[in-house]
Amino acid sequence: MYRKVSALLCGMLLGCSAVFASPADNYPERPIRIVVPFVAGGGGDFIARAWSDKFSDTLKQPVIVENRGGGNTVVGTELVTKAAPDGYTLLLVSPTISTNPTLLPNLPYKTPEAFAPVGQVITYAMGVAVSSALPMNNIAELVAFAKKNPGKLTTATSGEGSATDLAAELFMAATDTKITKIPYKGAGQGVLDVASGHVDMLFTGMSQLKPHLDSKRIKLIATSGLERLKSAPDTPTIAEQGYPGFQAVVWWGVLAPAGTPKEIVAKINEALRVSLSQPEVAKRLAVIDGVVAVSSPAEFEAFLQKEIATWSKLLKPSDSNKAKK
């Protein structure tokens, strides 16, 4: 009789412990995928793959980087909003996540309500490159040409509302010029078209520019941060070339589907801190002069709210999107 009662009590205790177990206790138990809402070969792809292997080592599970470009990042982003909120599907995001709510009023999801912020992970300034076929070698010459030929100069972007698109907008506002923007699904094809002379210029990360700078198919005429880049110490910033205070930087962060348990979000955030602090990752990110600073989920949520509010005041939906309303 004593044995039966003991067994019953043990069973009840085990049952209670299972009921009160944290969702994060056994996380992760299977592969994790990071959805990059840009095509392969672009800046987002480079960022994700720079730390995904160390992220995998930290969580002791395979990590799959999945490129789902299209629709100005909407295709990949919507995919994540429909995923189970269990920490096994994550989304790498850039400024586009905060500009799309204004530029694309009919999004199939709500930002930031459809997401659980995990953390901002990295920021970096961009290079300003022009086709080697063009005669300009600095910002003054570029601006002079643009002013003399309004709209003739073309710049590749990674889509409306992307960091490269916003940098172009900020540049035109600062220099009082009109430059025609040519949108792409990612930075990779845009760089190729500048290198081949089909497009005149672009703003993008140094990792995208370096191969073409080495082959002298493009020229680096400026960088977009307040300070010179370590990878291009001889190239002056736009701020140094007559536009004090000019700054246009890229930031990247990680989101999970809304409803993901806070314990799991915290575990992912800690894994990001560990993986991005590895020397090998720092070496990979050095090519874009990336500054790693993993924020807390609360900090990233506040940052997103502020970014969305800021761009809602500064941007207007494109005419094509107005027509769809």
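Now for a quick tour of the structure. What you are looking at is a predicted structure, and each value in this text was computed from that prediction instead of being measured. (Residues numbered from 1 in each chain as written. Predicted model: local features only at pLDDT ≥ 70, side-chain atom pairs only at ≥ 80, totals over all residues. Heavy atoms only, no water.)

Turning next to the pattern of salt bridges. For side chains of opposite charge, pairing can occur when their charged atoms come near one another. Summed over all chains, the structure comprises eleven salt bridges. Between D86 and R30 there is a salt bridge; the shortest N-O distance is 2.9 Å. Placement of the pair is D86 in the loop between α3 (74-81) and β3 (89-93) and R30 in the loop between α1 (2-19) and β1 (32-36), with a sequence separation of 56 residues. A salt bridge links R284 to D53; the nearest nitrogen and oxygen atoms lie 2.8 Å apart. Highlighted residues: R284 in helix α10 (residues 279-285) and D53 in helix α2 (residues 43-59), separated in sequence by 231 residues. A relative accessible area of 32% means that D53 is categorised as partly exposed. If you follow the salt bridges from partner to partner, you end up with R33, E66 and R68 in one network. (Salt bridge = Lys/Arg side-chain N within 4 Å of Asp/Glu carboxyl O. Helix = DSSP H or I, 4+ residues; strand = E, 2+ residues; numbered from the N terminus. Buried < 20%, exposed > 50% of the residue type's maximum accessible area, 1.4 Å probe, protein only.)

Let us look at the sheet that holds strand β8 (residues 201-204). The strand order β7-β6-β8-β5-β9 describes an open sheet built from five strands, whose pairing is mixed. The strands lining the two open edges of the sheet, one partner per strand, are β7 (180-183) and β9 (218-223). Neighbour to neighbour, the strand axes of the sheet diverge by 30° on average, direction disregarded. As paired strands, strand β6 (residues 154-157) and β7 are joined by four bridges and run parallel to one another. (Pairing = 2+ DSSP bridges. Axes fitted to C-alpha atoms, helices over the stretch in contact; angles between N-to-C directions.)

So, about helix α4 (residues 96-103). Counted residue by residue, α4 has seven buried out of eight residues, so it is predominantly covered. Along α4, the positions that sit buried rather than exposed are T96, I97, S98, T99, N100, T102 and L103.

What follows deals with the packing of α4 against helix α11 (residues 297-314). Two numbers describe a pair of packed helices, the interaxial angle and the distance between the axes. Two elements in contact, α4 and α11, have axes separated by 8 Å at closest approach and are oriented at 40°. Classified by the interaxial angle, the pair formed by α4 and α11 is oblique. Our pair here, α4 against α11, has a crossing hand that is right-handed. Contacts between α4 and α11 involve I97, S98, T99 and T102 from the former and L304, E307, I308, W311 and S312 from the latter. Classifying every residue of the contact of α4 with α11 by side-chain character gives four nonpolar, four polar and one charged. (Parallel < 35°, antiparallel > 145°, perpendicular 65-115°, else oblique. Left-handed = near helix turned anticlockwise from the far one by under 90°. Contact = heavy atoms within 4.5 Å. Nonpolar A, V, L, I, M, F, W, Y, C, P; charged D, E, K, R; others polar.)

Glancing now at helix α5 (residues 139-148). When we look at burial in α5, the residues that qualify are I139, L142, V143 and A146. Taken end-on, α5 shows its buried residues confined to a sector of 95°, consistent with a single buried face. Looking at α5, the residues exposed on the side facing more than 90 degrees away from the buried face are A140 and K148. As for α5, its buried residues are in contact with β5 (127-131), α6 (163-175), β8 and β9. (Arc of directions from axis to C-beta.)

All told, the structure shown has three cavities of 30 Å³ or more when counted by the stated rule. For the lining of the largest cavity, the secondary structure elements donating two or more residues are α2, α6, α8 (206-214) and β10 (249-257). It is α2 that contributes the most residues to the lining of the largest cavity, four residues altogether. Of the residues belonging to the lining of the largest cavity, the class tally is ten nonpolar, twelve polar and no charged. (1 Å grid on protein atoms, 1.4 Å probe; cavity = no way out; pocket = protein on both sides within 12 Å on 5 of 7 lines; lining within 4 Å. Points joined across faces, edges and corners; volume = space filled by probe spheres on them.)

Attention now moves to the pairing of β3. Of all the five residues making up β3, five are buried; the element is thus mostly covered by neighbouring parts of the structure. The alternating pattern of β3 places T89, L91 and V93 and L90 and L92 on opposite faces, both of which are buried. As paired strands, β1 and β3 are joined by three bridges and run parallel to one another. When the sheet's bridge partners are listed, I34 is paired in β3 with L90.

Negative phi values dominate among residues other than glycine, just as trans dominates among peptide bonds. Cis geometry marks the peptide bond from Y27 to P28; its omega dihedral reads -5°. Among the structural elements, P28 can be located in the loop between α1 and β1. In this structure, the amide linkage connecting T111 to the following residue, P112, adopts the cis form with an omega of 10°. Tracing the backbone through its elements, the reader meets P112 in the loop between α4 and β4 (115-125).

Locating P62 in the fold gives a position in the loop between α2 and β2 (63-67). Sequence spacing of P62 and S52 is ten residues, and the spatial spacing of their C-alpha atoms is 9.1 Å. What P62 contacts, discounting residues up to four positions off in sequence, is P31, I32 and S56.

Attention shifts here to the sheet that holds β3. Sheet architecture is open: six strands sit in the order β2-β1-β3-β10-β4-β11, paired in mixed fashion. Each end of this open sheet is capped by a strand with a single partner; those strands are β2 and β11 (291-292). Bridge count for β4 against β10 is nine bridges, and the pairing is antiparallel. Paired with Y124 across the two strands is V250, which belongs to β10. Against the sheet, α3 makes contact with β1, β2, β3, β4 and β10, and its axis sits at roughly 145° relative to β3, the strand it touches most. In the packing of helix α9 (residues 262-276) onto the sheet, contacts are made with β3, β4, β10 and β11, and the angle to β4 comes to roughly 20°.

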